[in-house]
Amino acid sequence: MNKLLLGAAASVMLAQPVLAQDKVLTIAGSGGVVKEISERVFLPAFEEATGWSTKFVAAESNILLEVRTMVASGQMLYDAMEVSASAYPQAVREGLLEPIDYKLLDPNNELPDKAKKEFGVVAASYSTVPVQRLDKNPEGRKMESWSDFWDVEAFPGPRSLKQQPEYNLEFALLADGVALDDLYDVLGTEEGVDRAFDKLDELKPHIPVWWTSGAQSVQLLSDGEVFYSTTYNGRVGKLQESGIDVEIMWNGGALHTSHVGIPKGAPNYEAAHEWVRVRTMRPDLEAEYVKHLPYPNFAPGLFDAMTEEQAKTMPTYPANADLQFVANEEFWADNIERIRERFDEWLLE
Amino acid sequence: MSARSYLWLFLPALALLLLFILAPAADLLRASMFDPDFTTEHFARLVTRGVYIDVMLRTIRVSLIVAVCCTIIGYPIAYFINLQPRSRQTILLFLILIPMWMSILIRTFAWIVVLGRDGLLNEALAAVGLIDEPVRMLFTSGAVLAAMVQILLPIQILTCYAAMTEIDFDLIRAARVLGAKPRQALMRVFLPLSLDGTITGLVIVFMLSMGFFITPALLGGRQDTMIANLIEFQVQRLNWSFAAALGLVLLLLTIVMIVLLRGLGRMAARRILKAGL
């Protein structure tokens, strides 16, 4: 009898792990549209499931900086956080993340292996893609490849790239004729890096401004300050809606996966897992989310609920995915110090 | 009571200086030399790679140009205001204060609207038929200079004006009574008396320019990078020690330049006072 009671109590507690009304889960993530949609889709679902309230903190580009400071001071303010593709290896190396307890998160093993990392679950995928202003193209011509992006004779006009070496070196090598599959073999050698920088040298005079935030890249395209620029695929829909004649060139884009993780010393470790579940494993919510932002994740059964038209705007839509390379974050984590210093000084030259 | 017994009145200011200026500066020095063990690599990197020297020289050059432009434009405006009746002076000063109270970020963004490819200036030039294709004005050094001068001009005007209001106009009258032409009275009495305040304004504008960050970041290209931009960049890159070294260099450069500018300014003032113009 006693055991039964205990069992019942335990199951009640499991079903409603956190009932207290004054409990607040603090989540850090991107601002802008991402924040807007998260607040509409995921946060209410989490609140409904747990009875907790939530606080979503928009931390633009330096989330790692914040978390590192919080870990150092022993004062972690976030329970869960977005960990971008490029931040993940570094965050892991510096021990800024708690391991994910998959027994707690995914007891029935529904997530594919690809989605599960030791310190984070894939929450979204996105691409860094070149975008062209169709109305600025020469009559009857359209960019098809990175070679076209580099071809300032055939496609005159100012261009922009992100102010960082990551993926730009890959893009330069693709423009120089390297095949998608050989990209990181070439880049892994000193000559490969030199080759990429030589190729970037060609384009440098035609880049009046290097963008530093996604918002800026979109603004530059929208104002016509540049005709061609890389940007994140999720930004392009809004741009098109506002009447700007732009198109993504999926060929040679960089595909990234980002994660949701739990920072070291998070005050509510278990509740954070519930948030991770809501964020990564609910196809109904995810379908709603990708209606607004084409950053799909591995929520089981997601693509079943989607029209083909919608699926085509997704970076993981097979026709798009085949044209892209998967950004190798391990490579960048290992080589970034060396290459970045060179890139930063190259920019100033 | 002697003056010495009032020295304790300096204590709050001293404490403030120690806590919020000297201590952080010392910490900056520590951060730039210990990463985590003692190292001079960051300073070595600064002086051995030409690109950083270029950025330092550019920062000084841009700041000097801005300070001189603000002085040339600001001095006559301050003089003009000073000549107006009291009530009109208030209105004119207010007109100068309003833009000064606006955030630098907003004023910089306003320049983007003016200078963009499809911006006001390009459209105006195209409308009157002066250009066929939009001219690139954004992301140029000219854009940075124009915006910095516009942003810092009120400071120079106000400093000059403050110096001018303290000049006893009886001195000008005395000069006129003694036979000086209006121009002579202006050049040989008024100008030298207002010179010290003008130099102070120039130094303040120079000092503020040295740390300018938002304007070159938004309106300039990579060829307009200033030290403050590099610092921000290195902090973003999590290279705190190198950023600290840059910060220290910026601090030292600014101090050296201020001393130099003040010294040169005083020398020039003395020469003008002695010889007249």
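Because the structure is a prediction, the values reported are computed rather than measured.

Calculation notes
- Residues numbered from 1 in each chain as written.
- Chains lettered and ligands numbered in written order.
- Predicted model: local features only at pLDDT ≥ 70, side-chain atom pairs only at ≥ 80, totals over all residues.
- Heavy atoms only, no water.
- Helix = DSSP H or I, 4+ residues; strand = E, 2+ residues; numbered from the N terminus.
- Rg over C-alpha atoms; globule rule 2.2 N^0.38 Å.
- Contact = heavy atoms within 4.5 Å.
- Areas by Shrake-Rupley, 256 points an atom, 1.4 Å probe, with all protein chains shown as cover.
- Lys, Arg positive; Asp, Glu negative; His and termini not counted.
- Charge placed at Lys NZ, Arg CZ, Asp CG, Glu CD.
- UniProt positions renumbered as here; feature names shortened; annotations may be inferred.
- Pairing = 2+ DSSP bridges.
- Right-handed = clockwise from strand over helix to strand, strands pointing away.
- Domains from an automatic or database assignment.
- Buried area = accessible area lost by both parts, 1.4 Å probe.
- Polar contact = N/O pair within 3.5 Å; in protein donor to acceptor, adjacent residues only side chain to side chain.
- Patch = residues over 30% accessible without salt bridge, like charges linked within 9 Å, V, L, I, M, F, W, Y side chains within 5 Å.
- Salt bridge = Lys/Arg side-chain N within 4 Å of Asp/Glu carboxyl O.
- Buried < 20%, exposed > 50% of the residue type's maximum accessible area, 1.4 Å probe, protein only.
- 1 Å grid on protein atoms, 1.4 Å probe; cavity = no way out; pocket = protein on both sides within 12 Å on 5 of 7 lines; lining within 4 Å.
- Points joined across faces, edges and corners; volume = space filled by probe spheres on them.
- Nonpolar A, V, L, I, M, F, W, Y, C, P; charged D, E, K, R; others polar.

1. Section: the overall build of chain A
Here comes step 1: Scanning chain A from N- to C-terminus turns up 16 helices and 11 strands.
Here comes step 2: Relative to the globule expectation of 20 Å for 349 residues, the C-alpha radius of gyration of chain A, 22 Å, shows essentially globular dimensions.
Here comes step 3: The principal-axis extents of the C-alpha atoms in chain A amount to approximately 85 × 40 × 35 Å.
Here comes step 4: For chain A, the share of sequence-separated contacts (at least 6 apart) that also reach a separation of at least 24 residues comes to 70%.
Here comes step 5: When the accessible surface of chain A is summed, it comes to about 15,500 Å², and 51% of that surface belongs to carbon and sulfur atoms.
Here comes step 6: Computing the positive centroid from 31 side-chain charges and the negative centroid from 56, chain A places the two 4 Å apart.

2. Points about the overall build of chain B
Here comes step 1: Helix and strand counts for chain B stand at 12 helices and zero strands.
Here comes step 2: Going residue by residue from the N terminus, the α and β elements of chain B occur as α-α-α-α-α-α-α-α-α-α-α-α.
Here comes step 3: When its C-alpha atoms are laid out on the principal axes, chain B stretches across 75 × 70 × 35 Å.
Here comes step 4: The long-range share in chain B, meaning contacts at least 24 apart out of those at least 6 apart in sequence, stands at 72%.
Here comes step 5: Accessible surface for chain B amounts to roughly 15,600 Å². Of this, 72% is attributable to carbon and sulfur atoms.

3. Details of unusual backbone geometry
Note: most residues except glycine have negative phi, and most peptide bonds are trans.
Here comes step 1: With an omega dihedral of -10°, the bond running from B:Asp35 to B:Pro36 counts as a cis peptide bond.
Here comes step 2: Take B:Pro36: it is sitting in the loop between α1 (11–33) and α2 (41–48).
Here comes step 3: Even without being a glycine, A:Tyr167 presents a positive backbone phi close to 70°.
Here comes step 4: With respect to the helices and strands, A:Tyr167 occurs in the loop between β7 (159–160) and α7 (168–175).

4. Digging into the UniProt feature "transmembrane region" (unreviewed entry) in chain B
Here comes step 1: Those residues carrying the UniProt feature "transmembrane region" (unreviewed entry) are residues 55–79, 91–114, 143–164, 185–218 and 238–261 of chain B in this numbering.
Here comes step 2: The distance from the first to the last C-alpha atom of residues 185–218 of chain B is 45 Å, and the span holds 91% helix and 0% strand.

5. A look at the pairing of strand β2 (residues 53–58) of chain A
All names here are of chain A.
Here comes step 1: As judged from the six bridges shared by strand β1 (residues 24–29) and β2, these two strands associate in the parallel manner. Its bridge partner lying in β2, leucine 25 is registered against threonine 54.
Here comes step 2: In this view, the connection linking β1 to its parallel neighbour β2 by way of helix α2 (residues 32–50) has right-handed handedness.

6. Notes on the domain arrangement of chain A
Residue and element names in this part refer to chain A.
Here comes step 1: In terms of domains, chain A is made up of domain 1 (12–125 + 256–321) and domain 2 (127–255 + 323–348).
Here comes step 2: Its C-alpha centre places domain 1 at a distance of 28 Å from the equivalent point of domain 2.
Here comes step 3: If you look at the interface, domain 1 gives 17 residues, while domain 2 gives 17 residues.
Here comes step 4: Summed over both sides, the interface between domain 1 and domain 2 buries roughly 1,500 Å², with carbon and sulfur atoms accounting for 51% of that surface.
Here comes step 5: Inspection of the domain 1/domain 2 interface yields six residue pairs in polar contact (both at pLDDT 80 or more).
Here comes step 6: Among the secondary structure elements, those contributing two or more residues to the side of domain 1 that touches domain 2 are α4 (87–93), β10 (254–263) and α15 (318–323).
Here comes step 7: Of the residues forming the side of domain 1 that touches domain 2, the biggest block, three residues, is contributed by α15.

7. A few points about a positive patch on the surface
Here comes step 1: Where like charges cluster on the molecular surface, the positive patch consists of B:Arg266, B:Arg270, B:Arg271 and B:Lys274.
Here comes step 2: For B:Arg270, a relative accessible area of 52% gives the class exposed.

8. Thoughts on the UniProt feature "domain: ABC transmembrane type-1" (unreviewed entry) in chain B
Here comes step 1: Mapped onto the present numbering, the UniProt feature "domain: ABC transmembrane type-1" (unreviewed entry) falls at residues 56–261 of chain B.
Here comes step 2: Annotated as 80% helix and 0% strand, the span residues 56–261 of chain B places its first and last C-alpha atoms 17 Å apart.

9. Here we look at empty space enclosed by the protein
Residues and elements named next belong to chain A.
Here comes step 1: Taken as a whole, this structure holds one cavity of 30 Å³ or more when the rule is applied.
Here comes step 2: Of the voids in this model, the largest cavity is the one considered here, and its volume is about 90 Å³.
Here comes step 3: Along the walls of the largest cavity sit Ile27, Ala28, Gly29, Val34, Ser38, Phe56, Met81, Glu82, Ala123, Val260, Trp275 and Arg279, which together make up its complete lining.
Here comes step 4: Here the lining of the largest cavity gets three residues from one element, more than from any other, and that element is β1.
Here comes step 5: Grouping the amino acids of the lining of the largest cavity by side-chain chemistry returns eight nonpolar, two polar and two charged.

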